[in-house]
Structures are given as structure tokens and as C-alpha cells.
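The chain contents come next:
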Amino acid sequence: MKNREPLPCVKADKRRGEEIRIALKDHKLLKTDAKITTNHNFIYLPLIRALTEHEQRELDVAELSTKEFELLEPRRTIEELVGLKPSFEIVGDIAVLTDDVANEQLVAQAIMSLHKSIKVVAKRISPVEGVFRSRQLKVIAGEHRTETMHKENGCRYKLDLEQVYFNPRLARERDRVASLAAQDKNEKEEVIDMFAGVGSFAIQIAKLAPQSHVTAIDINPVAVRYLRENIKLNGVSNIEAIESDIKEVYRAFTDRADRIIMNLPKSAYLFLEEALSMLKPEGGIIHFYDVESAYDVSAENRVGVAIDKAKEKLTASIKKHEVQLEILDARKVKVYAPYAYIVGIDAMIRK
Ligand SMILES: C[S@@+](CC[C@H](N)C(=O)[O-])C[C@H]1O[C@@H](n2cnc3c(N)ncnc32)[C@H](O)[C@@H]1O
């Protein structure tokens, strides 16, 4: 007879299941020894306790519930197996160690024994670098490959983690932006993703807003090869992939866009002229990303300071162009480094 217990839980749309599961786990709120359940549309994620209103807002969780869950045999933790808690991220079936660890072989074997879906363990040997925003990895256990298939918000992305940029921690941000683009089903938007990578924003938008048209541009030929493959894989036809430096191609899209995605956080502000010229004469929305740090402030003010700095950078960079800027929303997207954050800003521009 299986042991069952009523537990507080999050009830979420299945599409957002993985994103919310990761966020709850990061906040140590997921009850990991109870079995997650699903039905046709929803996923039920068991919690160690009910969420506070603040946590509910922060995690963007709409529905809380209580439900009976099957309790699982307590699993051995990675700390019990190797005496430390390594930090790693999972993309598809690859786990990437994000910090140096002693005894990496032992750690890699422990990760694979605890996460049966992981087939490769790699470690970073360079930061994300260069125009292509790629990084070098070294496979330390499992199959010798860096290509994988990652599922997120109902889309599938094939990618090579060493040759293209991909960050699973942007899942929630991508869902946010795609939901905004899909809000009005009668609005046929022209969307341009200036730094599209393997299509992680562009394909989600194309799928969620099938009435709209998306142009996805990237300078990295490998990223565009995967982008084209992912377009087919996800069965979206309202999207066009272009391999080019945006500075070379933007004139072909003058006055075209209702919405522009600028996910190149360290230097998006250097591409505002191109973005503005691509917006329709009546203007449109830009989703602007920036990296900002906040060193000399107390811990609770750091995020606010970084957000203010990003707003100032956008405002100052746009000042020289004769347009009106209205900031609709500004938020922390993720931690970038100690004391530094990626900030996302949604802004309405009127030309
Ligand atoms: C931070 S990644 C974002 C990729 C994707 N949007 C995502 O969220 O996974 C930035 C992308 O911009 C591309 N890139 C950098 N400079 C570019 C340029 N001048 N024109 C077009 N793409 C560029 C890089 O190749 C890289 O794929």
C-alpha cells in the first residue's frame, strides 16, 4: 500500500510545469519526496508548506491547492553521496557543472545516478564569450557529446551547448514575453528577434501567437542552423530565419516591427538605433535586456538599484533619437554574477 498524504501544492498549466518546478526547487519550496502528478492540462507540484502571498507573486503562480500525493522512498541526496552540493544546470539530457568541484568524476557519476535522464555531465572551461555568446565545455562523464534536445514551455529546442547560447533559466522570461505577444488574438503583430539564437524566444512567440509573423535573426551560423531545424521540429510556419549581423540587415526591415526582442544583455543598448528604425512609424514595443551591477548597497536594495541603472541606461541611450519612451515594466530576470543582474525592460516607443 502506497503512503499518501494531503499536501499544499501549486496547480499550473502543464506548459509552465518545468519552469515552476525549477523555481520552487531553487526556493527550496518543492517537496521532493512526494510524486508530482499531472492530468491532461495541469501539473500539481507538492510543496513543503503553503506559499506566502509574496512568494506566490514572485514565482508568478496563479493557483494554489491542496491534494493527496504519493510519498516516495526518501532518495539519497547528492550531499550524502559525495559530501558536497555541486551547482549545476540541466539542459536537455546534459548536466553542466557551473563551479569547479574536487573529485569531479565522483560528482558526475552521482549526478547521473540520481537523475536518470542525464546522459552527459560536462563542466564549463570558459565563460560565455565572443560575438556568438558561446562557451567551451569539457565532457567529464557519460556520452561524448554536447548536443541535446531541451523542452521548455511546450517547445523543443535542439542545440549544441558548446556552439550556441542557451540558458534554461530564461524560461519564465520567454513565457512572459510570448504571452504578451499573444495577448490579443486579433492583433497580427510583426515581431523581430534581433538576437534569436536557436529560436528560444522567436519560436515560442510564433507558436503562441500564430496570427503574427516573426523574423528571427542571428549572426552565428550554427545557431541559425539549429534555429531552422527547431522551426521544423516545432511545426511553426509563421517565422523566418535569417543568418546575418543585424547591423547589415536591419535596413531591409525599416518601419516593419510592432515588437522587437533585444536579448543581448551586455550590449543591447548599442543596437537601439537599428531597433528604432525597424519599429513601425507609429511605434511599438521593445523588450530590452541589460546587465547591471549594484555593489555599494545593502542586499535588499541591490535589485532595485540594478533595475534603476538599466532604466537610466535605456533612457540615456534613447535620448539622442527623437522618439518618446514609456517604460511599461522593468524587472530582474536572473542573477548574472555576484552583485550583478540581468534586467528586462518592456518599453513602448512612439516615433
Ligand atoms: C544572449 S544570446 C541570446 C540568444 C536567444 N535569444 C536566447 O535567449 O537563447 C545572443 C545572440 O545574439 C547573437 N548576436 C550577437 N551579435 C549579433 C549581431 N550583431 N547580429 C545578430 N546576432 C547577433 C549571438 O550569436 C547570440 O546567439
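Residues numbered from 1 in each chain as written. Predicted model: local features only at pLDDT ≥ 70, side-chain atom pairs only at ≥ 80, totals over all residues.

### Some words on unusual backbone geometry
Working step 1: A positive phi angle is found at Asn153, which is not glycine, with a value near 45°.
Working step 2: Within the secondary structure, Asn153 sits in the loop between β9 (147-152) and β10 (155-160).
Working step 3: At Tyr339, a position not held by glycine, the phi torsion is positive, near 70°.
Working step 4: Inspection of the secondary structure assignment puts Tyr339 in the loop between β16 (324-337) and β17 (340-350). (Helix = DSSP H or I, 4+ residues; strand = E, 2+ residues; numbered from the N terminus.)

### So, the pairing of strand β6 (residues 94-97)
Working step 1: The alternating pattern of β6 places Ile94 and Val96 on one face and Ala95 and Leu97 on the opposite face, and all of these are buried.
Working step 2: Bridge analysis of strand β5 (residues 88-91) against β6 gives four bridges, and the strand direction is antiparallel. Looking at the pairing, Glu89 lines up with Val96 of β6.
Working step 3: As consecutive antiparallel partners, β5 and β6 are separated by two residues, and within that stretch Gly92 has a phi angle of approximately 60°, a positive value.
Working step 4: In this sheet, strand β7 (residues 120-124) lies alongside β6 in parallel orientation, the contact comprising four bridges. (Buried ≥ 20, exposed ≤ 12 C-beta atoms within 10 Å, placed from the backbone. Pairing = 2+ DSSP bridges.)

### Describing the domain arrangement of the chain
Working step 1: Its domain assignment divides the chain into domain 1 (4-70), domain 2 (78-145) and domain 3 (165-350).
Working step 2: Relative placement of domain 1 and domain 3: their C-alpha centres are 29 Å apart. (Domains from an automatic or database assignment.)

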